[in-house]
Amino acid sequence: MPDRSFLGWPFFETRHRAWAEKLDAWCARNLPVDHHDVDAACRALVRTLGEDGWLKPTAIDAENPAPLDVRTLCITRETLARYDGLADFAFAMQGLGTGAISLFGTAEQKLWLKKTRAGEAIAAFALSEPRSGSDVANMDMAATTDGDFYVLDGEKTWISNGGIADIYTVFARTGEAPGAKGISAFLVPADSKGFKVAERLEVIAPHPLARLAFDGVRIPASAMIGKPGDGFKIAMSVLDVFRSTVGAAALGFARRALDESVKRARERQVFGAPLAELQMVQGHLAEMALDIDAAALLVYRAAWTKDAGAARVTREAAMAKLYATDKAQEVIDKAVQLHGGDGVRKGHIVESLYREIRALRIYEGASDVQKVVIARQVLGGN
Ligand SMILES: Cc1cc2nc3c(=O)[nH]c(=O)nc-3n(C[C@H](O)[C@H](O)[C@H](O)COP(=O)(O)OP(=O)(O)OC[C@H]3O[C@@H](n4cnc5c(N)ncnc54)[C@H](O)[C@@H]3O)c2cc1C
């Protein structure tokens, strides 16, 4: 039985606890899904999650606007990740892919949110390029004006939901200033002429991922999200909301690894006694539980701080993401060890957790980059 005691922490309100309980019961009935065809699985997950109301927190309700609730986003990611990494992915991308619209979109752009929140449209966030992943401000993709239109030329890569998304939030250089101040954000529907999926990318924990090509994609000026030159600021504001949720997903994977390890340690007999009676095994389990609680404190501190009205949570979110993802990797590695040969057996839950966790330490700011961000805050920069 997973440890749910954290829901008693003062970071949460009654509605968060009720949401967590209901979602957990839903997950137990509906997850995991078959991952063999990840495109079909993701499409089905988005549809089901949407139909059953679980995608509502991913974007604002334009008819009844309230700020995004980061604690709900985190609880949802943690719970889904505990049951099925692909379900967490499907949920997370609906938020990341529409975050710019929720925070900065026009009324017309926000019409898409009704569909993404209902699971009727799939969203993606296209920031990274072959030459600029961590070094986002160095992007090449250009958006040039042509009357009342912008024309997009260039490439994006590592784009989650690439190939199955209906809309892409795309960042491109509009040239108001060099570097970060010359980038703008755009809403690009997948059926735009000149847009194509150049390559599907396969990774160790499969999910829809692609390199995208934009060859003279003409979009109306009204497709710009926010103001010209504000793209970098918009991307950072979106990541400010969603970065701690990556930590929450890591927490879900880590909790599952601990649960599986406790079960294994109680059941597995070695040298005439349960594995759990060996002190060194107890030491591993203690470290796993400690790392999980410390990570949870950082994740939910970041989420609560944002929900309490902080303009930015750069330091808190970076700490939450860095610590929760790095520690989840260690927790899962211990779980693999405690499972012996079964731990590396294809199809075993801890083997899949071992693959699932790795990318979380790279995307939305690699662990090393989070350290740079934290150091800057500590040293008094921005
Ligand atoms: C599974 C997956 C899904 C992704 N989904 C998306 C998506 O939906 N949308 C999107 O836009 N992007 C996405 N990405 C891209 C992701 O954000 C980038 O891969 C990431 O930012 C790192 O960029 P890079 O791969 O170009 O590595 P690089 O920028 O080349 O960095 C490589 C390594 O160098 C080190 N490093 C880099 N900069 C610094 C620094 N300043 N200080 C110290 N060390 C540093 C780090 O160890 C880093 O891991 C995804 C990536 C993966 C793997």
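You'll find the structure just up there.
To start, this report covers the structure provided alongside it.

Parameters at a glance
Residues numbered from 1 in each chain as written. Predicted model: local features only at pLDDT ≥ 70, side-chain atom pairs only at ≥ 80, totals over all residues. Heavy atoms only, no water. Near = heavy atom within 4 Å. Polar contact = N/O pair within 3.5 Å; in protein donor to acceptor, adjacent residues only side chain to side chain. Areas by Shrake-Rupley, 256 points an atom, 1.4 Å probe, with all protein chains shown as cover. Helix = DSSP H or I, 4+ residues; strand = E, 2+ residues; numbered from the N terminus. Nonpolar A, V, L, I, M, F, W, Y, C, P; charged D, E, K, R; others polar. Disulfide = S-S within 2.5 Å. Buried < 20%, exposed > 50% of the residue type's maximum accessible area, 1.4 Å probe, protein only. Expected span 1.5 Å × (residues − 1). Contact = heavy atoms within 4.5 Å. Axes fitted to C-alpha atoms, helices over the stretch in contact; angles between N-to-C directions. Parallel < 35°, antiparallel > 145°, perpendicular 65-115°, else oblique.

**Some details on the site of the ligand**
In step 1: Neighbouring residues of the ligand: 19 residues in total, closest Phe125, Ser128, Ser134, Trp158 and Asp368.
In step 2: Contact distances for the ligand include 2.9 Å between a nitrogen atom and a backbone N or O atom of Trp158.
In step 3: Between the ligand and the protein, one listed contact pairs an oxygen atom with a side-chain N or O atom of Asp368 at 2.7 Å.
In step 4: Its free accessible area being 970 Å², the ligand has 66% of it covered by the protein chains.
In step 5: Of all the secondary structure elements, the ones that give two or more residues to the shell around the ligand are β3 (149–160) and α11 (367–378).
In step 6: For the shell around the ligand, the per-class residue count stands at 12 nonpolar, five polar and two charged.

**Quick notes on the environment of Ala59**
In step 1: On the secondary structure map, Ala59 appears in the loop between α2 (38–51) and α3 (70–83).
In step 2: Measuring from C-alpha to C-alpha, the distance between Ala59 and Gly95 comes to 5.9 Å, with 36 residues separating the pair along the chain.

**A few points about the state of the cysteines**
In step 1: In the structure shown here, the tally under the stated rule is zero disulfides.
In step 2: The structure places no disulfide on Cys42, whose sulfur is separated from the nearest cysteine sulfur, that of Cys27, by 15 Å.
In step 3: For Cys42, a relative accessible area of 1% corresponds to the buried category.
In step 4: Not engaged in a disulfide, the cysteine Cys74 finds its nearest cysteine sulfur in Cys27; these two sulfurs lie 15 Å apart.
In step 5: On the basis of relative accessible area, Cys74 is assigned to the buried category, the value being 0%.

**Re α11**
In step 1: Given a rise of 1.5 Å per residue, 12 residues ought to cover 16 Å, and the 17 Å separating the end C-alpha atoms of α11 matches this to within 8%.
In step 2: Buried residues in α11 make contact with α7 (231–267) and α9 (314–338).
In step 3: Looking at the residues trailing α11, positive phi occurs at Gly380, about 90°.

**Topic: the packing of helix α4 (residues 85–96) against α7**
In step 1: It is the contact of α4 with α7, at a shortest axis distance of 11 Å, that shows an interaxial angle of 175°. What the angle tells us is that α4 and α7 run roughly antiparallel. Packed against α4, whose contacting residues are Gly85, Asp88, Gly95 and Leu96, the element α7 presents Val238, Leu239, Phe242, Ala249 and Phe253 at the interface.
In step 2: Here the contact of α4 with α7 is composed, by residue class, of six nonpolar, two polar and one charged.

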